[in-house]
Amino acid sequence: MNAETYPFIVRPLPYEYDALMPVLDEDTLHFHHDKHYKTYVDNLNNALSDYPELQKKSLKELLSAIETLPPQVQTAVRNNGGGVYNHELYFDSMKNPVGQEPGGALAEAIDRDFGSYRQWKEQMKQAAVGKFGSGWAWLVTDNKGKLSIIQTANQDVPDLKEYIPILLVDVWEHAYYLQYQNRRPDYVEGWFDLINWRKAGMRYEDAIRGKQ
């Protein structure tokens with residue numbers, strides 16, 4: 001993911017708009033993907049339009065070295081680049097609800113680093129529900145394969161030089177408010193049934209093999 005360079009494009013959802021029902025309905029996904037995510041893509045392209053030297057960099061390269069960018073564009077890249085990166089991973093980390101659970105190396109790592117899938121789920125839910133205001137809860141790995149749960153605010157990303165994201169949940173109100181209003185815990189509980197563990201497992205295996 002995120003290998004392309006400027007001008008960044010709005011990636012289509014990897015499923016139909018009604019594919020995640022009943023957890024996320026069609027209206028929510030249209031609003032979230034077609035409005036919010038698209039706005040971040042448009043704003044990022046606008047921010048980079050006068051910086052040809054930055055247009056050759058991938059999104060990950062931009063976000064990994066924000067402090068080296070021209071000062072006048074740093075905030076726009078952090079907010080809008082992060083919005084693009086986070087939303088693309090979020091949408092790509094879900095699939096039709098099938099009640100799946102992790103398998104393979106990722107399942108083993110979850111048991112090793114959290115004690116069990118159930119304990120991981122409780123900690124992940126606490127991070128998502130307990131995040132004050134807008135932001136994200138992430139499952140990440142370091143380059144040695146150790147998993148961690150972290151929170152980020154607004155559209156911030158984890159330190160991409162230190163961590164490789166495996167999956168994440170969006171807890172901005174626009175991700176769930178049309179359907180759940182202020183019931184964030186209900187949304188997060190439903191989100192666990194949407195996790196695309198096959199893709200998450202592939203990300204983890206690529207990370208421990210040094211392919212990320």
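Residues numbered from 1 in each chain as written. Predicted model: local features only at pLDDT ≥ 70, side-chain atom pairs only at ≥ 80, totals over all residues. Heavy atoms only, no water.

### Concerning the packing of helix H4 (residues 104-114) against helix H8 (residues 197-208)
Which entries qualify depends on this criterion: Every angle, taken between N-to-C directions, lies between 0 and 180 degrees, and every axis is a line fitted to C-alpha atoms, over only the stretch in contact when it is a helix. In DSSP terms, a helix is any run of H or I states spanning at least four residues, a strand is any run of E spanning at least two, and both are numbered starting from the N terminus. Angular relationships are summarised with four words: roughly parallel below 35 degrees, roughly antiparallel beyond 145, roughly perpendicular across 65 to 115, and oblique for the angles in between. Two residues form a contact once any of their heavy atoms are found within 4.5 Å.
Relative to each other, H4 and H8 sit at 80 degrees, their axes nearing to 8 Å. Judged by the inter-axis angle, H4 sits roughly perpendicular to H8. For the pair H4 and H8, the contacting residues are Ala105, Leu106, Ala109, Ile110 and Arg112 in the first and Trp197, Ala200, Gly201, Tyr204, Glu205 and Ile208 in the second.

### Quick look at the packing of aromatic side chains
Under the convention used in this document: For this analysis, a ring pair means two rings from Phe, Tyr or Trp (six-membered ring only for Trp) whose centres lie within 6.5 Å, classed as stacked if their planes differ by under 30 degrees, edge-to-face if by over 60, and tilted for the remaining angles. Relative accessible area decides the class of each residue, using a 1.4 Å probe on protein chains only: under 20% of the type maximum gives buried, over 50% gives exposed, and in between gives partly exposed.
If you walk through the whole model with that rule in mind, you get ten aromatic pairs. Aromatic pair Tyr117 and Trp120: ring centres 5.7 Å apart, planes at 40 degrees, arrangement tilted. Of the two residues, Tyr117 and Trp120 are both situated in helix H5 (residues 117-129); the distance of three residues between them amounts to about one turn of the helix. Grouping residues by exposure puts Tyr117 and Trp120 together as buried. An aromatic cluster of at least three residues, connected via ring pairs, comprises Tyr117, Trp120, Trp191, Phe192 and Trp197.

### Focus: H5
Applicable threshold: The length a helix should cover is 1.5 Å for every residue beyond the first. Regarding the arc, it is the one traced by the directions from the helix axis to the C-beta atoms.
Under the 1.5 Å per step criterion, the end-to-end length of H5 is 18 Å for 13 residues, consistent within 8% with the ideal 18 Å. Among all positions of H5, only Tyr117, Trp120, Lys121, Met124, Ala127 and Ala128 are buried. Burial along H5 is one-sided: seen end-on, the buried residues are contained in an arc of 130 degrees. The exposed set on the far side of H5, more than 90 degrees from its buried face, consists of Arg118 and Gln126.

### A look at the nonpolar core
Using the following cut-off: Buried Ala, Val, Leu, Ile, Met, Phe, Trp, Tyr and Cys residues that are joined via side-chain atoms within 4.5 Å together make up what is termed a nonpolar core.
Grouped together as the largest cluster of nonpolar side chains are 65 residues, with contacts concentrated most on Tyr90 and Trp120. Non-local contacts of Tyr90, meaning those with residues more than four positions away in its chain, are made with Leu24, His32, Trp136, Leu168, Val169, Asp170, Ala175, Tyr187 and Trp191.

### Quick word on a negative patch on the surface
As a reminder, the rule being used: Excluding any residue in a salt bridge, patches collect residues exceeding 30% relative accessible area, merging like charges within 9 Å and nonpolar Val, Leu, Ile, Met, Phe, Trp and Tyr side chains within 5 Å. The Shrake-Rupley method, run with a 1.4 Å probe, gives the accessible areas here. Residue values count only the displayed protein chains as cover. We define a salt bridge as a contact between a side-chain nitrogen of Lys or Arg and a carboxyl oxygen of Asp or Glu at a distance within 4 Å. When charges are counted, Lys and Arg are positive and Asp and Glu negative, with His and the chain ends excluded. The atom standing in for a charge is NZ when the residue is Lys, CZ when it is Arg, CG when it is Asp and CD when it is Glu.
The grouping of Glu16, Asp18, Glu26 and Asp27 at the surface amounts to a negative patch. Inspection of the secondary structure puts Asp18 in the segment before helix H1 (26-48).

### Topic: the side chain of Ser93
In plain terms, the rule: Here a polar contact is recorded for every N or O atom pair within 3.5 Å, except that within protein the pair must consist of a potential hydrogen donor and a potential acceptor, and residues adjacent in sequence are included only if both atoms are side-chain atoms.
Relative to the elements of secondary structure, Ser93 occurs in the loop between helix H3 (71-92) and H4. Polar side-chain contacts of Ser93 include one of 2.7 Å to the backbone oxygen of Leu89. Sequence-distant contacts of Ser93, that is, excluding residues within four places in its chain, are made with Ile166, Leu167, Leu168, Leu194, Ile195, Asn196 and Arg203.

### Observations concerning unusual backbone geometry
The omega torsion of the bond from Tyr6 to Pro7 falls at -5 degrees, within 30 degrees of zero and hence cis. On the secondary structure map, Pro7 appears in the segment before H1. Following Met21, the chain continues to Pro22 via a peptide bond in cis, the omega torsion being 5 degrees. Its identity as a non-glycine residue notwithstanding, Asn154 has a phi of 50 degrees, on the positive side. Summarising the element assignment, Asn154 is placed in the loop between strand S2 (147-153) and strand S3 (164-170). By relative accessible area, Asn154 is classed as partly exposed at 43%. Despite not being glycine, Gln181 has its phi angle at roughly 50 degrees, a positive value. Examined against the element boundaries, Gln181 turns out to sit in the loop between helix H6 (177-180) and helix H7 (184-191). Overall, Gln181 belongs to the partly exposed group, its relative accessible area being 33%.

That's the geometry; what it means functionally is another story.
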